[in-house]
Amino acid sequence: MSEALINRLVEFAESGNQQRIVLNGQSHQGWIMEITEEALLISTGFADKAGKDFWINFSDLEQAELFFWDNQNDQWVAFTI
């Protein structure tokens, strides 16, 4: 994947307190834990027993909606790649 896309995804991961990815009607809300050359890992739980990790391929992100939680305004803000 391009370096520009990876840099943009790092910016997304560092935005807000949490991130939300809506893909194919499913919402994954949590924290971006890892970004590789092909995918990103979002962890949706706050504890090992309660959370689930999801790998999302970059190609799937083209159809996804991305949001981050803005603490200053207490609302989800859309993020575009």
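The structure reproduced in this document is the subject of the present report.

Let's talk about the overall build of the protein
Consideration 1: Check the secondary structure of the protein and you find two helices and six strands.
Consideration 2: Tracing the protein from N to C terminus, the helices and strands come up as α-β-β-β-β-α-β-β.
Consideration 3: Taking 2.2 N^0.38 as the reference for a compact globule, 81 residues should give roughly 12 Å; the C-alpha atoms of the protein span a radius of gyration of 12 Å, in line with that estimate.
Consideration 4: Expressed along its principal axes, the backbone C-alpha trace of the protein runs to roughly 30 × 30 × 25 Å.
Consideration 5: In the protein, which comprises 81 residues, the proportion classed as buried is 35%.
Consideration 6: Look at the contacts in the protein between residues 6 or more apart in sequence, and 37% of them connect residues 24 or more apart.

Section: helix H1 (residues 3-14)
Consideration 1: Between its first and last C-alpha, H1 extends 17 Å over 12 residues, near the 16 Å set by a 1.5 Å rise per residue.
Consideration 2: The complete set of buried residues in H1 reads Leu5, Ile6, Leu9 and Phe12. Each buried residue of H1 lies within a common arc of 110° when the element is viewed along its axis, so the set occupies one face. Within H1, the exposed residues directed more than 90 degrees away from the buried face are Glu3, Ala4 and Glu14.

A short note on the environment of Thr36
Consideration 1: Mapped onto the elements of the fold, Thr36 is located in the loop between strand S2 (26-35) and strand S3 (39-43).
Consideration 2: We classify Thr36 as partly exposed; its relative accessible area is 27%.
Consideration 3: Along the backbone, Thr36 and Asn57 are 21 residues apart, and their C-alpha atoms lie at a distance of 9.5 Å.
Consideration 4: Every residue in contact with Thr36, bar those within four places of it in the chain, is listed here: Ile6, Trp55 and Phe58.
Consideration 5: Within the structure, Thr36 has its side chain in polar contact with the backbone nitrogen of Glu38 (distance 3.2 Å).

Some details on the sheet that holds S2
Whether parallel or antiparallel, the strands of a sheet pair through hydrogen bonds between backbone atoms.
Consideration 1: Strand order in this open sheet of six strands is S4-S3-S2-S1-S5-S6, and the pairing throughout is antiparallel. In this open sheet, the two strands that pair with only one neighbour each are strand S4 (53-57) and strand S6 (75-79). The average angle at which neighbouring strand axes cross in this sheet is 40°, direction not considered.
Consideration 2: Packing of H1 onto the sheet brings it into contact with strand S1 (19-23), S2, S3, strand S5 (65-70) and S6, and relative to S2 it is tilted by some 110°.

Quick look at unusual backbone geometry
Consideration 1: A positive phi angle, near 50°, is found at Asn24, a position not held by glycine.
Consideration 2: Structurally, the position occupied by Asn24 is in the loop between S1 and S2.
Consideration 3: Take Asn24: its relative accessible area is 71%, and that puts it in the exposed class.
Consideration 4: For Asp74, which is not glycine, the phi torsion reads 50° and is therefore positive.
Consideration 5: Within the secondary structure layout, Asp74 lies in the loop between S5 and S6.

Here is what the cut-offs are and how they apply
Residues numbered from 1 in each chain as written. Predicted model: local features only at pLDDT ≥ 70, side-chain atom pairs only at ≥ 80, totals over all residues. Heavy atoms only, no water. Helix = DSSP H or I, 4+ residues; strand = E, 2+ residues; numbered from the N terminus. Rg over C-alpha atoms; globule rule 2.2 N^0.38 Å. Buried < 20%, exposed > 50% of the residue type's maximum accessible area, 1.4 Å probe, protein only. Contact = heavy atoms within 4.5 Å. Expected span 1.5 Å × (residues − 1). Arc of directions from axis to C-beta. Polar contact = N/O pair within 3.5 Å; in protein donor to acceptor, adjacent residues only side chain to side chain. Pairing = 2+ DSSP bridges. Axes fitted to C-alpha atoms, helices over the stretch in contact; angles between N-to-C directions.

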